[in-house]
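Structure assessment
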Amino acid sequence: MTDQLDYQVTVEELSALMKRTAGVHVDPITLRQQADDGFDAFGLDSLGLLGIVAELEKRYGLGLPEQAERCKTPADFLALVNGALKTGV
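Notes on the structure follow. Within each chain, residue numbers correspond to sequence positions counted from 1 in written order. Under the rules for a predicted model, residues below a pLDDT of 70 receive no local features and side-chain atom pairs below 80 are neither given nor counted, while totals for whole chains, interfaces and linings still include all residues. Values shown for side chains rest on all heavy atoms present in the structure; no hydrogens or waters enter the calculation.

On to the pattern of salt bridges. Put simply, a salt bridge is a Lys or Arg side-chain nitrogen that is within 4 Å of an Asp or Glu carboxyl oxygen. One pass over the structure, following the stated rule, counts 4 salt bridges. The partner of R59 in a salt bridge is E13, with the nearest N and O atoms 3.6 Å apart. Of this pair, R59 sits in helix α3 (residues 46-60) while E13 sits in helix α1 (residues 11-22); the two residues are 46 residues apart in sequence, bridging distant segments of the chain. R59 sits in the partly exposed class, given a relative accessible area of 34%. Here R70 ties to E66 by a salt bridge, and the two come within 3.2 Å at their closest N and O atoms. Strands are runs of DSSP state E lasting at least 2 residues, helices are runs of H or I lasting at least 4, and numbering of each runs from the N terminus. Any residue under 20% of the maximum accessible area for its type is buried, any over 50% is exposed, and the rest in between are partly exposed; the area is computed with a 1.4 Å probe on protein chains only.

Below, the structure written as C-alpha cells:
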C-alpha cells in the first residue's frame with residue numbers, strides 16, 4: 001500500500017517564492033511573526049501573488065482555488081493553499 005503524499009507549503013517556501021517570483025525579500029522569521037499582516041506590508045502586490053500561485057500550480061500539477069489570488073495575508077494564503085493541496089481540490 002502506498003502512502004498518500006502530503007504536500008504543504010511552509011513559511012520558508014513562501015518566503016523563497018516571494019523572492020524568486022516577485023523580487024520581494026522577506027526573512028522567513030519575519031514572515032512567520034507577521035503572517036496576519038497584509039501582503040502589501042511586505043511589498044507584494046496582486047501581480048506578485050499571481051506569480052506565486054502560478055508557480056505552485058506548476059510545481060504540484062494542481063489548479064489552486066481562485067481565491068488564492070485574492071488572499072490578503074500570508075496566513076490566509078498558506079491555509080487556503082495547504083488545504084487545497086491536502087484535499088487535491
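On to α3, then. In an α-helix, one turn spans 3.6 residues; hence positions three or four apart end up facing the same way. For a helix, the expected span equals 1.5 Å multiplied by the number of residues minus one. Look at α3: 21 Å from first C-alpha to last across 15 residues, which is about the 21 Å you get at 1.5 Å a residue. Within α3, the full set of buried residues consists of G48, L49, I52, V53, L56 and Y60. Here the buried residues of α3 occupy an arc of 145 degrees about the axis, which is enough to place them on one side. Exposed and facing more than 90 degrees away from the buried side of α3 are L47 and K58. Elements that come into contact with the buried residues of α3 comprise α1 and α4 (74-87). G61 sits one or two residues past α3 and shows a positive phi near 60 degrees. The directions from the helix axis to the C-beta atoms form the arc being described. Residues are treated as being in contact if the distance between any of their heavy atoms lies within 4.5 Å.

Attention now moves to the packing of aromatic side chains. Between rings of Phe, Tyr and Trp, where Trp is taken as its six-membered ring, a pair exists when centres lie within 6.5 Å; planes separated by under 30 degrees are stacked, by over 60 edge-to-face, and by other angles tilted. Scanning the entire structure with this criterion turns up 2 aromatic pairs. Centroid distance Y7 to Y60: 4.9 Å. Interplanar angle 50 degrees. Geometry classified as tilted. Of this pair, Y7 sits in the segment before α1 while Y60 sits in helix α3, and the two are 53 residues apart along the sequence. Given the relative accessible area of 38%, Y7 is considered partly exposed. Centroid distance F39 to F77: 6.0 Å. Interplanar angle 80 degrees. Geometry classified as edge-to-face. Note that F39 is positioned in the loop between α2 (28-33) and α3 and F77 in helix α4, a separation of 38 residues in sequence. Like F77, F39 is buried.

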